[in-house]
Amino acid sequence: NLLHVCRDNNMLEALGDYPVQAFNWDTRGRGNPTLKTGKTLVRQKFVVGGLPHREVLMSTSPTEIHSMIRELTQDMGSTGWALGGGCTYSPEAPEENIDAIRSAVEVS
């Protein structure tokens, strides 16, 4: 049971007591909390996200994607969350960037 909270300024805090096991939202959306902050807003329930799915995924290098994921992993620790997109990503995203996500996950 995963609740995807869509859009910018998503008011995640108001949904913190919603009866689900996990939350997902665009952590890079305007006015939205980071994954770490959001985890506290949803009362420490499981959170899924952290990956950019818009312009960043389209224009960032695979090396930068590795760095983003490494920083996120260091910030979030090893339990209570999963790496995922804030929403769907464009099928036009460079294949090497999608491969970089998988590679970064396999390394961590």
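Please refer to the structure placed before this passage.
In this text, all values refer to a predicted model and were calculated from it rather than measured experimentally.

Definitions and limits used
Residues numbered from 1 in each chain as written. Predicted model: local features only at pLDDT ≥ 70, side-chain atom pairs only at ≥ 80, totals over all residues. Heavy atoms only, no water. Helix = DSSP H or I, 4+ residues; strand = E, 2+ residues; numbered from the N terminus. Rg over C-alpha atoms; globule rule 2.2 N^0.38 Å. Buried < 20%, exposed > 50% of the residue type's maximum accessible area, 1.4 Å probe, protein only. Contact = heavy atoms within 4.5 Å. Areas by Shrake-Rupley, 256 points an atom, 1.4 Å probe, with all protein chains shown as cover. Lys, Arg positive; Asp, Glu negative; His and termini not counted. Charge placed at Lys NZ, Arg CZ, Asp CG, Glu CD. Core = buried A, V, L, I, M, F, W, Y, C linked by side-chain atoms within 4.5 Å. Pairing = 2+ DSSP bridges. Axes fitted to C-alpha atoms, helices over the stretch in contact; angles between N-to-C directions.

Draft legend 1. View of the overall build of the protein chain. Along the protein chain, the regular secondary structure elements total 4 helices and 4 strands. Taken over C-alpha atoms, the radius of gyration comes to 14 Å for the protein chain, in line with the 13 Å a tight globule of 108 residues would show. Over its C-alpha atoms, taken along the principal directions, the protein chain stretches across nearly 40 × 25 × 20 Å. The proportion of buried residues among the 108 residues of the protein chain is 37%. Sequence separation of at least 24 residues holds for 56% of the intrachain contacts in the protein chain that already meet a minimum separation of 6. When the accessible area of the protein chain is evaluated, it comes to approximately 6500 Å², of which 52% is carbon and sulfur surface. The distance from the centre of the 10 positive side-chain charges to the centre of the 13 negative ones in the protein chain is 9 Å.

Draft legend 2. Quick look at the nonpolar core. Formed by Leu3, Val5, Leu12, Val20, Phe23, Trp25, Leu35, Val42, Val47, Leu72, Met76 and Trp81, the largest nonpolar core amounts to 12 residues. Residue assignment for this core shows that the elements contributing at least two residues are strand S1 (2-5), strand S2 (22-25) and helix H3 (62-76). Every residue in contact with Leu12, bar those within four places of it in the chain, is listed here: Val5, Phe23, Trp25, Pro33, Gly38 and Val42. Formed by 8 residues, the second largest nonpolar core is a distinct cluster that contains Ile65, Ile69, Ala100 and Ile101.

Draft legend 3. Representation of the sheet that holds S2 within the structure. Across the sheet, which stays open at both edges, the 4 strands sit in the order S1-S2-S3-S4 with parallel pairing between neighbours. The sheet is open, and its two borders are formed by S1 and strand S4 (81-85), each paired with just one other strand. The sheet shows a mean angle of 30° between the axes of neighbouring strands, taken without regard to direction. When strand S3 (residues 46-51) meets S4, the two strands line up parallel, connected through 5 bridges. Its bridge partner being in S4, Leu51 is matched across the sheet by Gly85. Sheet contacts for H3: S3 and S4; angle to S4, the most-contacted strand, approximately 150°.

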